[in-house]
Amino acid sequence: MIKHYSIIKGHFDNQSMSVDCKKLNGYRLVPKNNVEYDGIMVNQLVIINQTFIEKVLKKKIKRKLDLYLNLIIQTLSEDSSSDTGVSLRNALNDLSRYKDIVEFKYQKYLDEKYVALLLQKIALLEHELKQKLIYMMDKPVMGEEEKSVGRRR
């Protein structure tokens with residue numbers, strides 16, 4: 001049986017309390033702590049409930065895939081330039097890094113069918129990014145085309 005702990009601020013005014021998270025088995029995450037408040041500062045959070053871990057990870061994964069999908073849509077709608085080529089390469093590197101994270105970190109918490117479907121989606125996004133990058137590399141720059149057409153003496 002898991003024990004529940006509650007910390008009341010009045011009892012621990014100037015003291016710090018720590019819980020040994022290494023003994024707990026579960027998904028670990030670190031909060032960003034971007035908002036200043038007078039409450040308790042949390043340095044690390046361990047989620048133990050398996051269904052809650054799945055919900056948190058699926059929401060996190062969906063948000064990240066939507067980010068990559070929006071990036072692909074933006075680059076497909078924009079005109080080609082050298083800046084988008086660099087951003088496409090960075091997005092492709094980030095996507096391959098994210099694929100490794102899914103394979104090695106999230107796989108032990110999620111269902112095998114969901115992970116396989118997720119890896120297929122990531123492979124499709126990688127394919128689209130590579131196609132756009134190849135298209136941009138093959139497309140000649142306007143200045144190069146004019147130089148080669150000029151008259152010779």
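For the structure, see preceding data.
The paragraphs below set out a description of the structure included in this document. Computed from a prediction, not measured in an experiment: that's the story for all the values here.

Some points on the overall build of the chain
Now for step 1: When its secondary structure is counted, the chain shows 4 helices and 2 strands.
Now for step 2: Tracing the chain from N to C terminus, the helices and strands come up as β-β-α-α-α-α.
Now for step 3: Of all 153 residues assigned to the chain, the portion counted as buried reaches 21%.
Now for step 4: Roughly 12800 Å² of accessible area belongs to the chain as shown, and the carbon and sulfur atoms make up 54% of that amount.

Quick notes on the nonpolar core
Now for step 1: Judged by nonpolar contacts, the single largest core of 24 residues is most densely connected at Tyr27, Leu57, Ile61, Tyr98, Tyr106, Ile122 and Leu129.
Now for step 2: Looking at this core, the elements that each hand over two or more residues are α1 (50-77), α2 (82-106) and α3 (112-138).
Now for step 3: Look past the residues within four positions of Tyr106 in its chain and what remains in contact with it is Tyr27, Leu57, Lys60, Ile61, Tyr98 and Ile101.

Examining the side chain of Lys132
Now for step 1: As for its placement among the helices and strands, Lys132 is situated in helix α3.
Now for step 2: In contact with Lys132, other than residues within four places in its own chain, are Thr75, Leu76, Glu78 and Leu88.

Description of the packing of aromatic side chains
Now for step 1: Counted under the stated rule, the structure contains 3 aromatic pairs.
Now for step 2: Aromatic side chains Tyr27 and Tyr109 sit 5.4 Å apart centroid to centroid with 80 degrees between the ring planes, which places their arrangement in the edge-to-face category. In this pair, Tyr27 is assigned in strand β1 (residues 27-29) and Tyr109 in the loop between α2 and α3, connecting sequence segments 82 residues apart.
Now for step 3: The buried category is assigned to Tyr109, whose relative accessible area is 13%.
Now for step 4: Each residue in the set Tyr27, Tyr106 and Tyr109 is aromatic and connected to the rest through ring pairs, giving one cluster.
Now for step 5: Over the ring of Tyr114 we find Lys58; its NZ or CZ atom is 4.9 Å from the centre of that ring.

Section: the pattern of salt bridges
Now for step 1: The full count for this structure, using the stated rule, is 2 salt bridges.
Now for step 2: The partner of Lys62 in a salt bridge is Asp66, with the nearest N and O atoms 3.2 Å apart. Remark: Asp66 and Lys62 occur in helix α1; sequence separation between them is 4 residues, near one turn of the helix.
Now for step 3: Judged by its relative accessible area of 34%, Asp66 is partly exposed.
Now for step 4: Between Lys99 and Glu126 there is a salt bridge, with its nearest N and O atoms 3.8 Å apart. Of this pair, Lys99 sits in helix α2 while Glu126 sits in helix α3, placing them 27 residues apart in sequence.

Some words on α1
Now for step 1: Between its terminal C-alpha atoms α1 stretches 40 Å, which fits the 40 Å expected from 28 residues at 1.5 Å a residue.
Now for step 2: Those residues of α1 that fall on the buried side of the exposure criterion are Ile53, Leu57, Ile61, Leu65, Tyr68, Ile72 and Thr75.

Thresholds, definitions, all that
- Residues numbered from 1 in each chain as written.
- Predicted model: local features only at pLDDT ≥ 70, side-chain atom pairs only at ≥ 80, totals over all residues.
- Heavy atoms only, no water.
- Helix = DSSP H or I, 4+ residues; strand = E, 2+ residues; numbered from the N terminus.
- Buried < 20%, exposed > 50% of the residue type's maximum accessible area, 1.4 Å probe, protein only.
- Areas by Shrake-Rupley, 256 points an atom, 1.4 Å probe, with all protein chains shown as cover.
- Core = buried A, V, L, I, M, F, W, Y, C linked by side-chain atoms within 4.5 Å.
- Contact = heavy atoms within 4.5 Å.
- Phe/Tyr/Trp six-rings, centres within 6.5 Å; stacked < 30°, edge-to-face > 60°.
- Lys NZ or Arg CZ within 6 Å of the ring centre and 35° of its normal.
- Salt bridge = Lys/Arg side-chain N within 4 Å of Asp/Glu carboxyl O.
- Expected span 1.5 Å × (residues − 1).

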